Amino acid sequence: MSEEKQFLRTLLRARRRSLSLADVRALSQRIAERLIMMPQFVRADSLVLYNANDHEVETDLLWQAAIQQGKSVYYPRISADRASLEFIRRRPDDTLIPGTFGILSPSGDELLTGLQPTDVVLTPGVGFDEKGHRLGRGKGYYDRAFRGVLSGAVRIAPAYELQIVPTIPAGPADEQVDWIVTEKRKMECRMQNDE
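Residues numbered from 1 in each chain as written. Predicted model: local features only at pLDDT ≥ 70, side-chain atom pairs only at ≥ 80, totals over all residues. Heavy atoms only, no water.

Draft legend 1. Summary view of the packing of aromatic side chains. Per the counting criterion, the structure on display carries three aromatic pairs. Seen in terms of ring centroids, Trp-63 and Tyr-75 are 6.2 Å apart; in terms of plane orientation they differ by 65 degrees. Their pairing is edge-to-face. With Trp-63 in helix α4 (residues 60–68) and Tyr-75 in strand β2 (residues 72–78), this residue pair connects regions lying twelve residues apart in the sequence. Assigned by exposure class, Trp-63 and Tyr-75 land together as buried. Arranged with centres 6.3 Å apart and planes meeting at 65 degrees, the rings of Phe-87 and Tyr-142 form a pair that is edge-to-face. Remark: Tyr-142 occurs in helix α5 (residues 141–146) and Phe-87 occurs in strand β3 (residues 85–90); sequence separation between them is 55 residues. Of the residues examined, Phe-87 reaches a relative accessible area of 1% and is grouped as buried. By relative accessible area, Tyr-142 is classed as buried at 8%. These aromatic residues form a ring-pair network of at least three members: Phe-87, Tyr-142 and Phe-146. (Phe/Tyr/Trp six-rings, centres within 6.5 Å; stacked < 30°, edge-to-face > 60°. Helix = DSSP H or I, 4+ residues; strand = E, 2+ residues; numbered from the N terminus. Buried < 20%, exposed > 50% of the residue type's maximum accessible area, 1.4 Å probe, protein only.)

Draft legend 2. Broad picture of the sheet that holds strand β11 (residues 186–188). Taken in spatial order, the seven strands of this open sheet run β3-β2-β1-β6-β9-β10-β11, and their pairing is mixed. Strands with a single pairing partner mark the edges of an open sheet, and in this sheet they are β3 and β11. On average, each strand axis in the sheet is tilted by 25 degrees relative to the strand beside it, whichever way the strands run. (Pairing = 2+ DSSP bridges. Axes fitted to C-alpha atoms, helices over the stretch in contact; angles between N-to-C directions.)

Draft legend 3. Local environment of the side chain of Lys-71. By the secondary structure assignment, Lys-71 is in the loop between α4 and β2. The buried charged residue Lys-71 lacks any salt bridge partner; its closest oppositely charged side chain belongs to Asp-45, at an N-O distance of 6.2 Å. Within the structure, the side chain of Lys-71 is placed 3.0 Å from the backbone oxygen of Val-42, a separation counted as a polar contact. Only 2.7 Å separates the side chain of Lys-71 from the backbone oxygen of Ala-44, close enough to count as a polar contact. When neighbours within four sequence positions are excluded, Lys-71 is seen to be in contact with Phe-41, Val-42, Arg-43, Ala-44, Asp-45 and Ala-66. (Lys, Arg positive; Asp, Glu negative; His and termini not counted. Salt bridge = Lys/Arg side-chain N within 4 Å of Asp/Glu carboxyl O. Polar contact = N/O pair within 3.5 Å; in protein donor to acceptor, adjacent residues only side chain to side chain. Contact = heavy atoms within 4.5 Å.)

This is the structure:
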């Protein structure tokens, strides 16, 4: 399974990197507009975002909408021992600073301790299938966080349509997302997992 995952990672990263910066901005805006209208986003008191890199779906519009709606917003940061993710609150005036692997995160120290079932985790990924299986970067950080501090919240993956494949190989440690939102559609993955 690991060889198949690595093949898919390479393929899907290449697809994503083939997008121009103008395409990334335009598609990210369409995805954000679709996502902001979802009842799950509207009713969430807390939101976990990520700072996009390597042509990922950008989250700036989601950040702006969340702040305008008075939500608490958290961003991931790799822990000092590099064993896990911790989630740091970003306040409206906070700037993001480079952290481990050059990923930007808030400079503060207000850690997320838990989420409510109505809160939302915007989940990055290299690829997804329609059942909500997610292909991450291969370190398992989000999978572990979903079983820990992020457990119980709604998991929504913003993704380009070109990141959706028929099947993502998944093992028992691989966590799924509840929804995938692309520039063309919203997919409720829980419904398909119950079939």
